[in-house]
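Architecture and fold: a report
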Amino acid sequence: MKKFKEKLSGRVFFALALSSISALALITVFIIVQGVPIIAEVGFVNFIFGMSWAPSHGEYGIFPMIIGSVTVTLGAAILGVPVGLCCAIFLSEFAPARLRNLFRPAIQLLAGIPSVVYGFWGLLFIVPFIRNVLGGPGLSILAGAVILAIMILPTVISISEVSILALPRQYKEGALALGLTHWQTIRSVILPSAKSGIVAAVILGVGRAIGETMAVIMVLGNAVAVPTSILDPVRTLTTNIGIEMGYASGPHRQALFATGIVLFVIIMALNSTAQYITRKK
Amino acid sequence: MKIEIKDLNIFYQDKQAVFGLNLGIPANQILSVIGPANSGITSLLRSLNRLIDLTPDVRTEGRILIDGKSVYDSDVNVTELRRRVGMVFDVPTPLPISIFDNVAYGPRLRGKKGAGALSETVEEALRMAALWDDVKNRLKAPAMSLSGGQQQRLCIARVLALKPEVILLDRPCSGLDPISTAKIEDSLTQLKERFTIIIAPHNVQQAGRISNRVAFMLMGRLIEEGTNTEIFSNPKDQRTSDYVTGRFG
Ligand SMILES: Nc1ncnc2c1ncn2[C@@H]1O[C@H](COP(=O)(O)OP(=O)(O)OP(=O)(O)O)[C@@H](O)[C@H]1O
Ligand SMILES: [Mg+2]
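First, a word on what this report is: a plain description of the structure on this page. (Residues numbered from 1 in each chain as written. Chains lettered and ligands numbered in written order. Predicted model: local features only at pLDDT ≥ 70, side-chain atom pairs only at ≥ 80, totals over all residues. Heavy atoms only, no water.)

On to the packing of aromatic side chains, then. Counted according to the given criterion, the structure contains 7 aromatic pairs over all chains. Considering the side-chain rings of Phe30 of chain A and Phe257 of chain A, the 5.4 Å spacing of their centres and the 85 degrees angle between planes classify their relative orientation as edge-to-face. Here Phe30 of chain A, found in helix α1 (residues 2-42), pairs with Phe257 of chain A, found in helix α12 (residues 250-280); they are 227 residues apart in sequence, far enough to count as distant. Residue classification places Phe257 of chain A among the buried positions, given a relative accessible area of 15%. Ring geometry for Phe94 of chain A against Trp183 of chain A: centres 5.4 Å apart, planes inclined by 40 degrees, an arrangement best described as tilted. Residue Phe94 of chain A is found in helix α3 (residues 63-94), and its partner Trp183 of chain A is found in helix α8 (residues 182-193); the two are separated by 89 residues along the sequence. Of the residues examined, Phe94 of chain A reaches a relative accessible area of 35% and is grouped as partly exposed. The ring of Phe100 of chain B carries Lys140 of chain B above its face, with NZ or CZ at 4.5 Å from the centroid. (Phe/Tyr/Trp six-rings, centres within 6.5 Å; stacked < 30°, edge-to-face > 60°. Helix = DSSP H or I, 4+ residues; strand = E, 2+ residues; numbered from the N terminus. Buried < 20%, exposed > 50% of the residue type's maximum accessible area, 1.4 Å probe, protein only. Lys NZ or Arg CZ within 6 Å of the ring centre and 35° of its normal.)

And the structure:
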């Protein structure tokens, strides 16, 4: 009887694992099946580098969206990574235990806020701020970058902090015992030694930023055009799908799936780079 | 006396690790501090260069004088103190950079720039640590490519490159093979002419081989201190005699 129970529970777990993996596989296959034909039809180069996105005229060029995704994400990284790294250094090297125990859950909480709330907050505060202080429509690359910078903070902070804390204690003590100051130790021993973890943190953060949709839909302005300044509105790959999927049909819908494939490839590439870097050491 | 320790108490939170320790350490000798596990030897060594300050919730009482000056005086520069009182740990801790850079590291950060002077310092330090012949043809190789014993000698060289006055070694040979151990012991015996060396040896035999003086600690208290002969042939305390003859610990 007991044996039967064990066997049964083993099977159940196996079935559950299998179903989640096959769901993933199915989604992947579905996206590919839906998206690849249109890429073939339009032509890979025309699809990726085409400047015009006009589904009603049968024009499917996603280059402006790629630029949109890249600029917004880059902006988020430029704003978010230094702040996140400083936080991680502060938490792992300077903060007294009590403060650290207060900060950690707070940062986790940041990760738990639904992205639509970030977007709404950005629309209410960041966008008007940019419009009034810096000019332009407010709905802009800068607004999206600020929101995303905040959203990637938990990833950047927690992974860098963990990789700093995981260093052998002797690294730090060895350096301090050589008469280095705390700052010299951080700069020339701790950060270089934790480099791979920090790089992985940044890549995962960037991956998160590229994939984000809801928050940026509300603050980017969503114009399909190559921007000329960070105060211009843009549309990203994700927001393109989010905005148009509701009413698209036929080749238009397929083109949105094809956009998804491009995103999928970018994010997979980022994640595997991060994994490769963390494993390598 | 190079170093004088007066009524030293060390507490971790509420737990006392070192009790009222008084000890004078003469210059240019090797002092071995021996004792069974948890005797407070590491705590004692780490208090001499104030590395113990890094441990949260630690408290020290009493006085530690180096050349007559208290290391806890408010005008003492801790990084300067740690340069004067170098330390080698039980696990070799080379940095993940080249052999040369490991040794040049400290001098460089302290503003030594000229390539000529720097490589002179590095060579001298590596020679003193008896590592020069092993590595002279591959100074640019990563330090991690060295064997454990070589890595430990590299760490000794790294300390020597800073021209310290006192060198603390906390079980520097644990985990090393007998040949590497012998090499380190050799270089320590030569180094004592220029430095004051305090070592937690990894066993009583090692203390016998290399030291001029021996201090025996037990449960945070200094039981006895004297020359090598006094401690090994003619100990005053029964516990010392039991320990050095291997009857406990
Ligand atoms: N960071 C710490 N926090 C709390 N207690 C500590 C800490 N470090 C050491 N102790 C305690 O202080 C006492 C002395 O430890 P210490 O490491 O100085 O002894 P030791 O003689 O070097 O021991 P070992 O032979 O294990 O190296 C031990 O009881 C130990 O548990
Ligand atoms: Mg110890």
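This is not the end of the story, as more comes after the structure.
All names here are of chain B. Pairing of strand β1 (residues 3-12) with strand β2 (residues 15-25) involves 7 bridges; the strand directions are antiparallel. Within β2, the position partnered with Glu4 by the bridge is Gly24. Hairpin connection between β1 and β2: a loop of 2 residues separates the two successive antiparallel strands, and Gln13 in this loop has a positive phi of roughly 45 degrees. Sheet analysis places β1 next to strand β4 (residues 58-66), joined by 8 bridges and oriented antiparallel. Among the inter-strand pairings, Glu4 is bridged to a residue of β4, identified as Leu65. (Pairing = 2+ DSSP bridges.)

Further remarks concern the site of ligand 1. All names here are of chain B. Every residue close to ligand 1 is listed here: Tyr12, Lys15, Ala17, Ala37, Asn38, Ser39, Gly40, Ile41, Thr42, Ser43, Thr55 and Arg171. Note that an oxygen atom of ligand 1 is positioned 2.9 Å from one of the backbone N or O atoms of Ile41. The separation between an oxygen atom of ligand 1 and a polar side-chain atom of Arg171 is 2.8 Å. Calculation on ligand 1 without its partners gives an accessible area of 630 Å², and the protein chains cover 68% of this total. Secondary-structure elements contributing two or more residues to the shell around ligand 1 are β2 and α1 (41-48). With 3 residues, α1 is the single largest residue contributor to the shell around ligand 1. Class assignment for the residues of the shell around ligand 1 results in 4 nonpolar, 6 polar and 2 charged. (Near = heavy atom within 4 Å. Polar contact = N/O pair within 3.5 Å; in protein donor to acceptor, adjacent residues only side chain to side chain. Areas by Shrake-Rupley, 256 points an atom, 1.4 Å probe, with all protein chains shown as cover. Nonpolar A, V, L, I, M, F, W, Y, C, P; charged D, E, K, R; others polar.)

Quick look at the sheet that holds strand β10 (residues 221-227) of chain B now. Residue and element names in this part refer to chain B. The sheet built from 6 strands is open, its strands ordered β6-β7-β8-β3-β9-β10 with mixed pairing. Bordering the open sheet on either side are β6 (85-88) and β10, each of which pairs with just one other strand. Adjacent strand axes in the sheet meet at a mean angle of 15 degrees, parallel and antiparallel pairs treated alike. Inspection of the sheet shows strand β9 (residues 213-218) paired to β10 by 6 bridges, in the antiparallel sense. Paired with Arg213 across the bridge in β10 is Thr227. (Axes fitted to C-alpha atoms, helices over the stretch in contact; angles between N-to-C directions.)

As a further point, take the side chain of Asn102 of chain B. As for its position among the elements, Asn102 of chain B is in helix α3 (residues 99-109). With near-sequence residues (within four places) excluded, Asn102 of chain B lies in contact with Pro94, Leu95, Ile97, Ala143, Leu154 and Arg158 of chain B. (Contact = heavy atoms within 4.5 Å.)

On to the interface of chain B and chain A. In this assembly, 23 residues from chain B lie in contact with 16 residues from chain A. Across the chain B to chain A interface the summed buried area is about 1,600 Å²; carbon plus sulfur atoms make up 67%. Applying the counting criterion to the chain B and chain A interface returns 1 salt bridge. Between Arg46 of chain B and Glu173 of chain A there is a salt bridge; the shortest N-O distance is 2.8 Å. Viewed at the interface, chain A and chain B are joined by 2 residue pairs in polar contact (both at pLDDT 80 or more). Among the secondary structure elements, those contributing two or more residues to the side of chain B that touches chain A are α2 (78-84), β6, α3 and α6 (148-160) of chain B. (Buried area = accessible area lost by both parts, 1.4 Å probe. Salt bridge = Lys/Arg side-chain N within 4 Å of Asp/Glu carboxyl O.)

All names here are of chain A. Compared with the 27 Å implied by 1.5 Å per residue over 19 residues, the 25 Å span of helix α5 (residues 115-133) between its first and last C-alpha is a close match. The axis of α5 is deflected most strongly, by about 40 degrees, at Gly122. If you check which residues of α5 are buried, you get Ser115, Tyr118, Gly119, Gly122, Ile126, Val127, Pro128 and Ile130. Downstream of α5 by one or two residues, Gly135 has phi in the positive range, about 90 degrees. (Expected span 1.5 Å × (residues − 1). Bend = angle between axes of the 7 residues up to and from the residue.)

Residues and elements named next belong to chain B. Across the sheet, which stays open at both edges, the 4 strands sit in the order β2-β1-β4-β5 with antiparallel pairing between neighbours. Of all the strands in the sheet, the pair left with one neighbour each is β2 and β5 (69-70). Packing of α1 onto the sheet brings it into contact with β1, β2 and β4, and relative to β1 it is tilted by some 120 degrees.

Another aspect to go through is the pairing of β9 of chain B. Every regular strand shows the same layout, with side chains that alternate between the two sheet faces. Residues and elements named next belong to chain B. With respect to burial, β9 is a largely interior element, 5 of its 6 residues being buried. Strand direction decides the pairing type here: strand β3 (residues 30-34) and β9, joined by 4 bridges, are parallel. Note on β9: the bridge partner recorded for Leu31 is Arg213. The turn linking β9 back onto β10 is made up of 2 residues, and Met219 within it adopts a positive phi angle of 50 degrees.

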